[in-house]
Amino acid sequence: MIQIICGIILVLIGVLVFWKYPIKSDAKSLSLAALFIILAAILNRLSIMIPLFGFESLNISIEVIPMMLAGILLAPGYCYIIGIAIDLVGLLVNPTGFPFLGFTLNAVLQCLIPSLIVTTIKENRLNYLEKVIKILLIVLVVGACSYVFSLNQVTISNNVVTISTSFKIIMSIICVIMIAILFIVMHFYKKKLNEEEYYLFNIWLISVVIVEMAVSFVLTPYWLETMYGIPFTLSLFIRVIKECIMIPVDIILGYSVLRILKKLKV
């Protein structure tokens, strides 16, 4: 049933995207689309699994960076196609049986959300955008810390793992530090960059935050519970730990690549 619902959602998204943003074929966009698909496939293969609570559960990957770069640089129609293509290439490189359309939807949203943000938010809304980003970051760190402290134990492979108070405090401190780093980076870039470049940085930052909140914190845990019976709370707990580190990495590393591509007039 969930496959049917995801399929319908994908079709509806495709119809709306191609209706509102008709795709215009050109060699540059096609070349960039192919490049981002290849990069995402390579980075997916370079991902590493880190043991957590005694089993490999923390997947560290920067595959999402080329997907969101595609969203920033290409039209929504291309991004929809790229998301589906990346999911299909991933299945070909690492076959896991019949494709689960929930993860296909994830890939589409990871490419499409940044593209829709670019087409929706104009440069004259920079001050408003900056305030929204700061509010989102504060909500993110408060929500992450509150969630970590709300859990006393998690069940992993029928084994109950108790989460100590010291571990909760350490994770909360890491969350606060990583968000503080982002605020420092924002302040640094605001002074260093011109208005156009700072607008691009804010677009990238809000794209990363929204994609991770929607996909990593909501959709992926739900798909894993649906497919494999992994408890939503366990999956979300692991992703809170992961994203405390990966969101700042994706923002800083991804924007550095984006600046280079912009200077090359990509």
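Residues numbered from 1 in each chain as written. Predicted model: local features only at pLDDT ≥ 70, side-chain atom pairs only at ≥ 80, totals over all residues. Heavy atoms only, no water.

Okay, the overall build of the protein next. When you go through the protein residue by residue, the secondary structure sums to nine helices and four strands. In the protein, the order of α-helices and β-strands from amino to carboxyl end is α-α-β-β-α-α-α-α-β-β-α-α-α. Burial analysis of the protein (266 residues in total) assigns 47% to the buried set. Across the protein, every contact between residues at least 6 apart in sequence was considered, and the portion connecting residues at least 24 apart equals 77%. Accessible area of the protein: about 13600 Å², with a carbon and sulfur share of 69%. (Helix = DSSP H or I, 4+ residues; strand = E, 2+ residues; numbered from the N terminus. Buried < 20%, exposed > 50% of the residue type's maximum accessible area, 1.4 Å probe, protein only. Contact = heavy atoms within 4.5 Å. Areas by Shrake-Rupley, 256 points an atom, 1.4 Å probe, with all protein chains shown as cover.)

A cluster of nonpolar side chains, M1, I4, I5, I8, I9 and L12, forms an exposed patch at the surface whose accessible area comes to about 600 Å². Considering the arrangement of structural elements, one finds I9 in helix α1 (residues 2–20). (Patch = residues over 30% accessible without salt bridge, like charges linked within 9 Å, V, L, I, M, F, W, Y side chains within 5 Å. Salt bridge = Lys/Arg side-chain N within 4 Å of Asp/Glu carboxyl O.)

Okay, the packing of α1 against helix α5 (residues 101–120) next. At their nearest, the axes of α1 and α5 sit 8 Å apart, and the two run at 25 degrees to each other. Classified by the angle between their axes, α1 and α5 sit roughly parallel to one another. Between α1 and α5 lies a crossing whose hand is left-handed. The residues of α5 that touch α1, namely those facing Q3, C6, G7, I9, L10, I13 and V17, are L101, G102, T104, L105, V108, L109 and L112. (Axes fitted to C-alpha atoms, helices over the stretch in contact; angles between N-to-C directions. Parallel < 35°, antiparallel > 145°, perpendicular 65-115°, else oblique. Left-handed = near helix turned anticlockwise from the far one by under 90°.)

Remark: the empty space left among the atoms is shown by a probe the size of a water molecule rolled over them. As a volume, the second largest pocket reaches approximately 300 Å³. Forming the walls of the second largest pocket are 13 residues, and the residues nearest its centre are E196, E197, Y199, L200 and K262. Per-element tally for the lining of the second largest pocket: the top contributor is helix α8 (residues 195–228), with five residues. Of the residues assigned to the lining of the second largest pocket, the class counts are six nonpolar, one polar and six charged. (1 Å grid on protein atoms, 1.4 Å probe; cavity = no way out; pocket = protein on both sides within 12 Å on 5 of 7 lines; lining within 4 Å. Points joined across faces, edges and corners; volume = space filled by probe spheres on them. Nonpolar A, V, L, I, M, F, W, Y, C, P; charged D, E, K, R; others polar.)

Okay, the side chain of K168 next. Tracing the backbone through its elements, the reader meets K168 in helix α7 (residues 165–192). Here K168 occupies a buried position and makes no salt bridge, while the nearest side chain of opposite charge, E225, is found at 20 Å. A distance of 3.4 Å separates a polar atom in the side chain of K168 from the backbone oxygen of F149. With near-sequence residues (within four places) excluded, K168 lies in contact with V148, F149, L151, N152 and I163. (Lys, Arg positive; Asp, Glu negative; His and termini not counted. Polar contact = N/O pair within 3.5 Å; in protein donor to acceptor, adjacent residues only side chain to side chain.)

This next bit is on empty space enclosed by the protein. Applying the stated criterion across every chain yields a total of one cavity of 30 Å³ or more. Taken as a whole, the largest cavity holds about 100 Å³ of empty space. Along the walls of the largest cavity sit L140, V141, A144, C175, M178, I179, F217, V240, E243, C244, I247 and P248, which together make up its complete lining. At the level of elements, α6 (126–150), α7 and α9 (232–263) are the ones that each hand at least two residues to the lining of the largest cavity. With five residues, α9 is the largest single contributor of residues to the lining of the largest cavity. Partitioning the lining of the largest cavity into residue classes produces 11 nonpolar, no polar and one charged.

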